[in-house]
Amino acid sequence: MTAVERHLLSDNTAVGADGMLTVGGCSVADVAAEYGTPVFVYDEAHLRSRCREAVGAFGPERVIYATKAFLCRAMARLAYDEGLLLDVASGGELHVAMSAGVPASACTLHGNNKSVAELRQAITAGVRHIIVDSFDELDRLDMLAAEGCGPTPQVVLRITPGVSAHTHEFIATGQDDSKFGFNLGNGDAVKAVDRARRSTSVDLVGVHCHIGSNVFEASSFAKAAEVMANFAVPLDLPELVLGGGLGVAYVAGEEAPTITQWGNVLLDACDALGVRSRVSVEPGRSIAAAAAMTIYTVGTIKTIPGVRTYVSVDGGMSDNPRPVLYGSGYESFLPRAVDAPRDLTARLVGKHCESGDVLSFEARLPTDIAVGDLLAMPVTGAYGQSMGSNYNKITRPPVVFCADGDAKLVVRRETFDDLLATDIYP
Ligand SMILES: Cc1ncc(COP(=O)(O)O)c(C=O)c1O
Ligand SMILES: N[C@@H](CCCC[NH3+])C(=O)O
């Protein structure tokens, strides 16, 4: 069987003179030796290049990085410095972004159930837009205005356009049966626009939709853009936000549209329908996913003749939960043998106390894989670290940004003391 497809690795990867994989000019073995494993290794120039591609496709201040995909202060700053705005989906994400020096005026607040405290935090900080998701949220904003909380927030209404995207049902959001947004089909969207227009508690500046995540079909995006353009044009509001959702290739044979192609599909659809609003997008995965790989150490190899081989690594569902949550596939390979054929089919598993702790159901690996080998899982830069947990009180891995031969620690590994930091013992 074949070696890992090089196009699944980040832009600035190579094989060093010693045969070891390098990322951003840094030997993966050196990074692992310095920071231990598991470790998330990001190719910083790859992140920057995707940010630039997005700004090139949509224009300055039209790309809002969805921080839920991957957020730490270094990432918030990087995206902001590259000209992106930041989409935050909680008070915590807003706090991290602002702690990195990103002004609130560059942040937009999302959420289907924002608390009064989160809305107050966003308004007093002066966020750029609040993306309002429900009539109850409009009630809460009325209450905050009556309380004197200001300035009056600029709001964008999240519309559920009734467009089903082909993706896992847990991450599809544009269909009528959704917890998110005001449904277009049943008239709620029109009612919300009327109410927001008449309200003195909010300043309505636009409408928004997001049909789901890890979507590959350009036609789903074109359909949503068309539905939203038809809704938005008569409203004549300054902002139209078309969400994120662009898919990425995770495994061999997969191919996703580029950010530039995605931009063409969305902007062409809007142009064709005469949209005059500013059109923005909120990419997360397409900026961050392929920029990172997780490096593990192989600890146990168990072969059950006639059944299968299990390869266990020193992390698992606590650092990359997507296989368990969505049955997602990932490739894996050995950084010491990037181009080696992978003739062993094994189940790649973590170290957690359950059989469901799977990283790859049918991993292909070189037959000489041995205990102590480093193992790399590419395309783990989005929704891995950000959805990680402390299950089994395993300490969360560090994050390292590699560029120009320099490996910079941007999130340190948690310590056992961190595990006790919030624990109150009589
Ligand atoms: C409102 C909104 N915007 C943007 C995103 C980012 O999506 P993605 O990471 O798929 O680009 C999401 C997550 O799916 C979202 O819910
Ligand atoms: N966590 C999801 C994406 C969530 C999208 C957020 N709106 C994933 O890993 O695919």
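Refer to the structure above for everything that follows.
Residues numbered from 1 in each chain as written. Chains lettered and ligands numbered in written order. Predicted model: local features only at pLDDT ≥ 70, side-chain atom pairs only at ≥ 80, totals over all residues. Heavy atoms only, no water.

Student: Outline empty space enclosed by the protein, supporting the account with residue identities and numerical values.
Tutor: The full count for this structure, using the stated rule, is 1 cavity of 30 Å³ or more. If you add up the space inside the largest cavity, you get close to 50 Å³. Taken together, Glu-61, Ile-64, Leu-85, Thr-108, Arg-128, His-129, Glu-239, Val-241, Arg-278 and Ser-280 make up the lining of the largest cavity. When contributions to the lining of the largest cavity are tallied by element, the ones reaching two or more residues are strand E12 (239–241) and strand E13 (278–280). (1 Å grid on protein atoms, 1.4 Å probe; cavity = no way out; pocket = protein on both sides within 12 Å on 5 of 7 lines; lining within 4 Å. Points joined across faces, edges and corners; volume = space filled by probe spheres on them. Helix = DSSP H or I, 4+ residues; strand = E, 2+ residues; numbered from the N terminus.)

Student: So, the site of ligand 2: which residues are in play, and what are the values?
Tutor: Residues in contact with ligand 2, as listed here, are Lys-68, Ile-171, Ser-213, Arg-285, Arg-322, Tyr-326, Tyr-383 and Met-387. Note that an oxygen atom of ligand 2 is positioned 2.6 Å from one of the side-chain N or O atoms of Arg-285. Between ligand 2 and Arg-322, the relevant distance is 2.6 Å, taken from an oxygen atom to a side-chain nitrogen or oxygen of the residue. The cavity that encloses ligand 2 is the largest pocket. Class assignment of the residues belonging to the shell around ligand 2 gives a composition of 4 nonpolar, 1 polar and 3 charged. (Near = heavy atom within 4 Å. Polar contact = N/O pair within 3.5 Å; in protein donor to acceptor, adjacent residues only side chain to side chain. Sits in = over half its atoms within 2 Å of the grid points. Nonpolar A, V, L, I, M, F, W, Y, C, P; charged D, E, K, R; others polar.)

Student: Can you lay out the site of ligand 1 for me, pointing to particular residues and giving the numbers?
Tutor: Around ligand 1 there are 16 residues in total, and His-210, Ser-213, Glu-282, Arg-285 and Tyr-383 lie nearest to it. At 3.3 Å, a side-chain N or O of Lys-68 approaches an oxygen atom of ligand 1. Between ligand 1 and the protein, one listed contact pairs an oxygen atom with a backbone N or O atom of Gly-245 at 2.9 Å. In isolation ligand 1 has 390 Å² of accessible area, and contact with the protein removes 92% of it. Considered class by class, the residues forming the shell around ligand 1 number 3 nonpolar, 8 polar and 5 charged. (Areas by Shrake-Rupley, 256 points an atom, 1.4 Å probe, with all protein chains shown as cover.)

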